[in-house]
Amino acid sequence: MQKRVLALLLTVVMVFTLAGCKGKNDTGISTEPTATPTESTEEPAATEAPATPTEPTGQLIIGSTTDLSGEFIPFFQNGAADNDIYQMTNGYSTVAVTSAGEFIVDTTVVKDKKVTDNEDGSKTYTWTINSGLVWNDGTPITAKDYVANLLLWSSKLVSDMGANNTIVGMYFKGFADYSTGKTKEFSGVNLISDDTFAVTIDAANLPYYYELGLVSVQPTKLSFYTDDQVTITDDGKGAYLSDNFTLENYEAKINAARTTIPAITCGPYNAVSFNESSKEAVIEVNPSYAGDEEGLKPLIKTIIYKKVTTETALDELKTGSVDLLNGMASGDEINAGLDLVDKGGFAYTAYDRNGYGKLQFVCDFGPTQFVEVRQAVAQLLDRNDFAKAFTGGFGSVVNGPYGPAMWMYQDTKDVIDEKLNAYAYSLDNAVKVLEEGGWVYDKDGKDYTSGVRYKKLDDGTYMPLILEWASSEQNAVSDLLVVKLQNNPDVAAAGIQINQTVMTFTELLSYLYRDGSTDKKYSVPTYNMFNLGTGFTPIYDMAATYTSDPERIKAGDNTNFITDEELSKLAKDMVLVDPSDKTTFESKFVSFIERWNYLLPDLPLYSNTYHDFYNAKLKNYNPNGIWDMSYALMKAYVEE
């Protein structure tokens, strides 16, 4: 069984966070500015501020309550903190995203772009890259490195190793045949010369609302994951890897490279070290980095990613043990942070979240495979009360897979609010929906009167309404769920029993993805629900997230394991819209949200106004719901 996820910059999907323990802020979904950009409070400067440095200087320590795993690539399992490191150590994509969520060609990378409409309805983007781009080991970056990214991470080999091979090329022509090993050539990927390559969007995936974002490709140093013996060739039918690229030859090498530091990368920073026991990572400016889409280079020389706990995070900021806490979510944290700002020497930035905290249900086994159970749980948790208690007023309840920062939600809010079921708290309605779902028996098959409810299955056996819940350790949301859901007397009165198992966030993700690569126990469906957070990339494409294709579910795309054909079709239809047709996209967005709201693969708990608190020495730091910390730090500097 395969698994994982993780959001690659301009690709589909979501990033999972350790909600409630801070986690990370989200990248956005928007192609328009968020409603709440930034708000900053800083002590007035007593003297004229020094000029922005022209060379990288100083150090910034980021405090994170989300564990780093040490695997800083997104194709195998990792979490939001790992993804921060990935974003800051990788680069040179052909397309960049601005702080307003606009997709633009990165002219630092791209010398020329040609777009061709083909007779079969497909569309080809031919990219010619600039000369002079180099890896952090000094070797030149060529078109072959961009092709390598698509061939390696879309290959059947990495899929067989447990990677999600749908992240970088699944909408390109020939992906299905290449990714399953049916063909050695990836027909939608062409190597044309040392500085030119092409990708072809399959006609079935056109029009595509985020077309420019879809054709964003970044390079991969193939020899770092294999060796110099693996070559790339294109005979005109599509690029392909040499025959020696086999599992037997390279599984161990690829697995080793996943956590090797230093890695051969080309982003603004180089990973310098990772301490497994302390969960601390150090990255330093990559002197070979040519700059972002504006030609700008990072100005903070060293960034340390340090593990902190929720209980001590603000004290560590106060005492200088850390310099930045991002994505603070709970009311207690935010109020304490604001008090610290009032005392001077610290600042903050607040912005709407492009995601939400949630209970994620598993929909292919146990009681949560039945929609009536998911809806009953929704009606046994007073989410308005929960959101108020957790966020302290710095957040609100959402009823679908969106966040307040999302432009299409802002545009359609009135329609959505009218159409969606808010699942108001009601024991009577919870019992009613369970009875309608057949949960009307006791353990002996007699009419239910008290205790745990049972449902008679098609094979004649009876299933108890016992929910196994996996929660991460040191998580304020988990603690609140114990009080307001697990121990809620109405839950027992409804005939539901909830068992909590506390584990590390990394272990939680292993169960979530059914990742048996490190331990076979994770591949066995065990837990019915998980609490964590979700954020979205700038491309709001949920087709993979809710795919009903068994092979893609097996590959790790659909971690709810929900197979609803209508939801899958609505998710796919939503993005098959001309990029200029905003009205149609919004209409399809509403239809998708409405179906999702009925099925409830997740139960959204809250969406926050995130607060990043930091030492006032950090300047020009302007994250928002679209542009998270890892991007905002690229334009920030420290004033020592």
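Here is a short report on the structure shown in this document. Every chain begins its residue count from 1, and numbering advances along the sequence as written. Per-residue local features are limited, in this predicted model, to residues with pLDDT of at least 70; the limit for side-chain atom pairs, both in listing and counting, is 80 or more; totals at the level of whole chains, interfaces and linings are taken over all residues. Computation of side-chain values: all heavy atoms of the structure, hydrogens and water removed.

1. Thoughts on the overall build of the chain
Phase 1: When helices and strands are counted, the chain shows 20 helices and 25 strands.
Phase 2: C-alpha atoms define the radius of gyration, and 2.2 Å times the number of residues to the power 0.38 defines the globule rule. Relative to the 2.2 N^0.38 estimate, which gives 26 Å for 640 residues, the radius of gyration of the chain is 24 Å and therefore close to what a compact globule would have.
Phase 3: Seen through its C-alpha atoms, the chain measures out along the principal axes to roughly 75 × 65 × 50 Å.
Phase 4: Burial statistics for the chain: of 640 residues in total, 61% are counted as buried.
Phase 5: Of the roughly 23,100 Å² of accessible surface on the chain, a fraction of 47% belongs to carbon and sulfur atoms.
Phase 6: When charges are counted, Lys and Arg are positive and Asp and Glu negative, with His and the chain ends excluded. Taken as the charge centre is NZ of Lys, CZ of Arg, CG of Asp or CD of Glu, depending on the residue. Taking the average place of the 51 positive charges on the side chains of the chain and the average place of its 88 negative ones, the gap between the two points comes to 3 Å. Secondary structure counts use DSSP, requiring at least four H or I residues in a row for a helix and at least two E residues in a row for a strand, with both numbered from the N terminus. Between buried and exposed lies partly exposed: a residue is buried under 20% and exposed over 50% of the maximum accessible area for its type, with that area taken using a 1.4 Å probe on protein chains only. The method behind every accessible area is Shrake-Rupley, applied with a 1.4 Å probe, and residues are considered shielded solely by the protein chains displayed.

2. Observations concerning the pairing of strand S23 (residues 602-615)
Phase 1: Counted residue by residue, S23 has 12 buried out of 14 residues, so it is predominantly covered.
Phase 2: Whether two strands pair depends on DSSP finding at least two bridges between them. Bridge count for strand S14 (residues 324-328) against S23 is three bridges, and the pairing is antiparallel. Each bridged residue has a counterpart across the sheet, and for Leu-324 the counterpart in S23 is Tyr-614.
Phase 3: The pairing of strand S15 (residues 346-352) with S23 spans seven bridges and is antiparallel.

3. Describing the sheet that holds strand S6 (residues 123-129)
Phase 1: One open sheet holds the four strands; their spatial order is S5-S6-S8-S7, and the pairing between them is antiparallel. Taken across any chain shown, the strands that pair with only one partner, and hence form the sheet edges, are strand S5 (110-117) and strand S7 (189-191). Each neighbouring strand pair of the sheet contributes to a mean axis angle of 15°, computed without reference to strand direction.
Phase 2: With seven bridges connecting them, S5 and S6 associate as antiparallel partners. By the bridge assignment, Val-115 is partnered in S6 with Tyr-125. A fitted line through C-alpha atoms represents every axis, and for helices the fit uses only the stretch in contact; the resulting angles, taken between N-to-C directions, go from 0 to 180 degrees.

4. Comments concerning the environment of Val-341
Phase 1: Looking at where Val-341 falls in the secondary structure, it is placed in helix H9 (residues 331-342).
Phase 2: Classification of Val-341 by relative accessible area gives buried; the value is 4%.
Phase 3: Spatially, the C-alpha atoms of Val-341 and Val-577 are 45 Å apart, while their sequence positions differ by 236 residues.

5. Some remarks on helix H19 (residues 582-599)
Phase 1: Take the number of residues in a helix, subtract one, and multiply by 1.5 Å to get its expected span. Its 18 residues place the ends of H19 26 Å apart at the C-alpha level, agreeing with the 26 Å of an ideal helix rising 1.5 Å per residue.
Phase 2: For H19, the full list of buried residues reads Phe-585, Glu-586, Phe-589, Val-590, Phe-592, Ile-593, Arg-595, Trp-596, Asn-597 and Leu-599.
Phase 3: Of the surrounding elements, those touching the buried residues of H19 are strand S16 (355-361), helix H10 (371-378), helix H12 (407-419), helix H18 (565-575) and S23.
Phase 4: The first or second residue beyond H19 is Leu-600, which carries a positive phi of 50°. In what follows, residue pairs with any heavy atoms lying within 4.5 Å of each other are defined as contacts.

6. Brief notes about the packing of aromatic side chains
Phase 1: When the centres of two rings from Phe, Tyr and Trp lie within 6.5 Å, Trp using its six-membered ring, the rings pair. Their planes under 30 degrees apart give stacked, over 60 give edge-to-face, and anything left gives tilted. Under the criterion given, the structure shown has 33 aromatic pairs.
Phase 2: Residues Tyr-92 and Tyr-289 carry aromatic rings whose centres are separated by 5.5 Å and whose planes lie at 20° to one another, so their mutual orientation is stacked. On the criterion of sequence distance, the pair formed by Tyr-92 in the loop between helix H1 (80-89) and strand S3 (95-97) and Tyr-289 in the loop between strand S12 (280-285) and strand S13 (300-307) is long-range, its members being 197 residues apart.
Phase 3: On the accessibility criterion, Tyr-289 (7% relative accessible area) is buried.
Phase 4: Geometrically, the ring pair formed by Tyr-210 and Phe-585 is edge-to-face, given 5.8 Å between the ring centres and 85° between the ring planes. Linking Tyr-210 in the loop between strand S8 (196-201) and helix H5 (211-214) with Phe-585 in helix H19, this pair joins segments that are 375 residues apart in sequence.
Phase 5: Taking the relative accessible area as the measure of exposure, Tyr-210 reaches 1% and is therefore buried.
Phase 6: Put simply, the rings of Phe-103, Tyr-171, Tyr-208, Tyr-209, Tyr-210, Trp-407 and Phe-585 pair up and form one aromatic cluster.
Phase 7: Lysine and arginine charges are scored as sitting over a ring when NZ or CZ, respectively, is within 6 Å of the ring centre and within 35 degrees of the ring normal. When the ring centre of Phe-76 is taken as reference, the NZ or CZ atom of Arg-258 above it lies at 3.6 Å.

7. What about the nonpolar core?
Phase 1: By size, the foremost hydrophobic cluster in this structure holds 129 residues, and its most contacted members are Tyr-210, Tyr-540, Phe-589 and Phe-592.
Phase 2: It is helix H2 (residues 143-153) that provides the largest number of residues to this core, a total of eight residues.
Phase 3: For the purposes of this section, nonpolar cores are sets of buried Ala, Val, Leu, Ile, Met, Phe, Trp, Tyr and Cys residues that join through side-chain atoms within 4.5 Å. In this structure, Ile-62, Ile-85, Tyr-269 and Tyr-305 belong to the second largest nonpolar core, which totals 28 residues.

8. Brief notes about the packing of H18 against H19
Phase 1: At a minimum axis separation of 9 Å, H18 and H19 run at an interaxial angle of 160°. One way to sum up the angle between H18 and H19 is to call them roughly antiparallel. In the packing of H18 onto H19, the handedness of the crossing is left-handed. Residues Glu-566, Leu-567, Leu-570, Ala-571, Asp-573, Met-574 and Val-575 of H18 touch H19, and the partners they reach there are Phe-585, Lys-588, Phe-589, Ser-591, Phe-592, Arg-595, Trp-596 and Leu-599.
Phase 2: Looking at side-chain class alone, the contact of H18 with H19 contains 10 nonpolar, one polar and four charged residues. Roughly parallel refers to an angle under 35 degrees, roughly antiparallel to one over 145, roughly perpendicular to one between 65 and 115, and oblique to any angle outside these ranges. With the far helix as reference, a near helix turned anticlockwise by less than a right angle produces a left-handed crossing, and one turned clockwise produces a right-handed crossing. Under the grouping applied here, Gly and all other residues not named as nonpolar or charged are polar, the nonpolar ones being Ala, Val, Leu, Ile, Met, Phe, Trp, Tyr, Cys and Pro and the charged ones Asp, Glu, Lys and Arg.

9. Considering the pattern of salt bridges
Phase 1: By definition, a salt bridge exists where a carboxyl oxygen of Asp or Glu is found within 4 Å of a side-chain nitrogen of Lys or Arg. Evaluated as defined, the whole model comprises 22 salt bridges.
Phase 2: A salt bridge links Glu-71 to Arg-258, with the shortest nitrogen-to-oxygen separation between them at 2.8 Å. Taken together, the residues Glu-71 in the loop between strand S2 (57-64) and H1 and Arg-258 in helix H7 (residues 247-258) connect sequence positions 187 residues apart.
Phase 3: Close ionic contact of Asp-385 with Lys-484 constitutes a salt bridge, the shortest N to O distance being 2.7 Å. With a gap of 99 residues between them, Asp-385 in helix H11 (residues 383-391) and Lys-484 in helix H14 (residues 476-486) connect regions that are remote in the sequence.
Phase 4: Asp-385 gets classed as partly exposed once you look at its relative accessible area, which sits at 34%.
Phase 5: In the salt-bridge network here, residues are joined through shared partners; they are Asp-117, Lys-123 and Glu-211.

10. Focus: the packing of H12 against H19
Phase 1: In the contact formed by H12 and H19, the axes pass within 10 Å of each other and the chain directions differ by 45°. One finds that H12 runs oblique with respect to H19. Considering only the axes of H12 and H19, their crossing is right-handed. Between H12 and H19, the contacting residues are Trp-407, Met-408, Tyr-409, Asp-411, Thr-412, Val-415, Ile-416 and Lys-419 on the first element and Lys-582, Phe-585, Glu-586, Phe-589, Val-590 and Glu-594 on the second.
Phase 2: Its residues assigned to classes, the contact of H12 with H19 shows eight nonpolar, one polar and five charged.

11. What to know about the environment of Ala-636
Phase 1: For Ala-636, the location among the structural elements is in the loop between helix H20 (629-632) and strand S25 (637-638).
Phase 2: Sequence-wise, Ala-636 and Lys-358 are 278 residues apart; in three dimensions their C-alpha atoms are separated by 32 Å.
Phase 3: Look past the residues within four positions of Ala-636 in its chain and what remains in contact with it is Leu-299, Ile-300, Leu-618, Lys-619, Asn-620 and Tyr-621.

12. Quick word on H12
Phase 1: Taking 1.5 Å per residue as the helical rise, H12 with its 13 residues ought to reach 18 Å, and the 18 Å between its terminal C-alpha atoms agrees with that figure.
Phase 2: The largest bend in H12 is about 75°, located at Lys-413.
Phase 3: Restricting attention to buried positions, one finds in H12 the residues Trp-407, Met-408, Tyr-409, Thr-412 and Ile-416.
Phase 4: On its buried face, H12 is in contact with H19. Fitting axes to the seven residues ending at a residue and to the seven starting there, one defines the bend at that residue as the angle between these axes.

13. Brief notes about the environment of Leu-338
Phase 1: Mapped onto the fold, Leu-338 is located in helix H9.
Phase 2: Sequence separation of Leu-338 and His-611 is 273 residues, and the distance between their C-alpha atoms is 9.3 Å.
Phase 3: In contact with Leu-338, other than residues within four places in its own chain, are Tyr-348, Phe-394, His-611 and Phe-613.

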